[in-house]
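What the coordinates show
The residues making up each chain are set out below.
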Amino acid sequence: MERKHKVLLVIDGIINLILGLLLLLFPLGIAQILGVPESDINFYPSILGAVIFGIGIALIIEVYGKPKGIHGLGLGGAIAINLCGAGVLLVWLLLKRFEFPLRGQIILWSIALIVLLVGIIELITKSYKYK
């Protein structure tokens, strides 16, 4: 990969990490501190933050993961995005009592567990290649 592409990917990755972190901090009042519009529900901003943060990780992996056989938004990126997104969704579901229909809870728990399971399977599958 050309040096300029690496630099761009690192910059893009850092930007995604920062934006993702800011969205993850929404429940702590970062919107008020930054003076940006607030949300009555912090659920969606933090899930989006986890996804964007995972994308940032995937971009950094694209640059630095090659010696270990991991490539950006390929399998390595998918693992990062899946584990970040599912992890934050699980934290929300475990720590917050949402008042919405049972079907919504079943859907969200199913999504979280399926995405987490897929990420773990991808991680295990990828790690066997190097043993």
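In this report, we go over the structure that sits alongside the text. Predicted, not measured: the structure shown is a model, and the values here were computed from it.

Cut-offs and rules
Residues numbered from 1 in each chain as written. Predicted model: local features only at pLDDT ≥ 70, side-chain atom pairs only at ≥ 80, totals over all residues. Heavy atoms only, no water. Phe/Tyr/Trp six-rings, centres within 6.5 Å; stacked < 30°, edge-to-face > 60°. Buried < 20%, exposed > 50% of the residue type's maximum accessible area, 1.4 Å probe, protein only. Helix = DSSP H or I, 4+ residues; strand = E, 2+ residues; numbered from the N terminus. Core = buried A, V, L, I, M, F, W, Y, C linked by side-chain atoms within 4.5 Å. Contact = heavy atoms within 4.5 Å. Patch = residues over 30% accessible without salt bridge, like charges linked within 9 Å, V, L, I, M, F, W, Y side chains within 5 Å. Areas by Shrake-Rupley, 256 points an atom, 1.4 Å probe, with all protein chains shown as cover. Salt bridge = Lys/Arg side-chain N within 4 Å of Asp/Glu carboxyl O.

1. What about the packing of aromatic side chains?
Evaluation of the coordinates by the stated rule reveals 2 aromatic pairs. With 4.8 Å between their ring centres and 85° between their planes, F43 and Y44 make a pair best called edge-to-face. With relative accessibility at 7%, the residue F43 sits in the buried group. Both rings, one in F43 and one in W92, keep their centres 5.9 Å apart while their planes meet at 75°; by these two values the pair is edge-to-face. Here F43, found in helix α3 (residues 43–64), pairs with W92, found in helix α4 (residues 72–95); they are 49 residues apart in sequence, far enough to count as distant. For the pair formed by F43 and W92, the shared burial category is buried. The rings of F43, Y44 and W92 are connected pair by pair, giving a single aromatic cluster.

2. Digging into the nonpolar core
Judged by nonpolar contacts, F43, I47, A50, C84, V88, L89, L90, W92, L93, F98, L108 and A112 together constitute the single largest core of 12 residues. Those elements giving two or more residues to this core turn out to be α3, α4 and α5 (102–128). No other element matches the 6 residues that α4 contributes to this core. Excluding residues that lie within four positions of it along the chain, F43 makes contacts with L89, W92, F98 and L108.

3. As for a nonpolar patch on the surface
Taken together, the side chains of V7, I11, I15 and L19 present a nonpolar region at the surface, about 320 Å² in accessible area. Looking at where L19 falls in the secondary structure, it is placed in helix α1 (residues 3–24).

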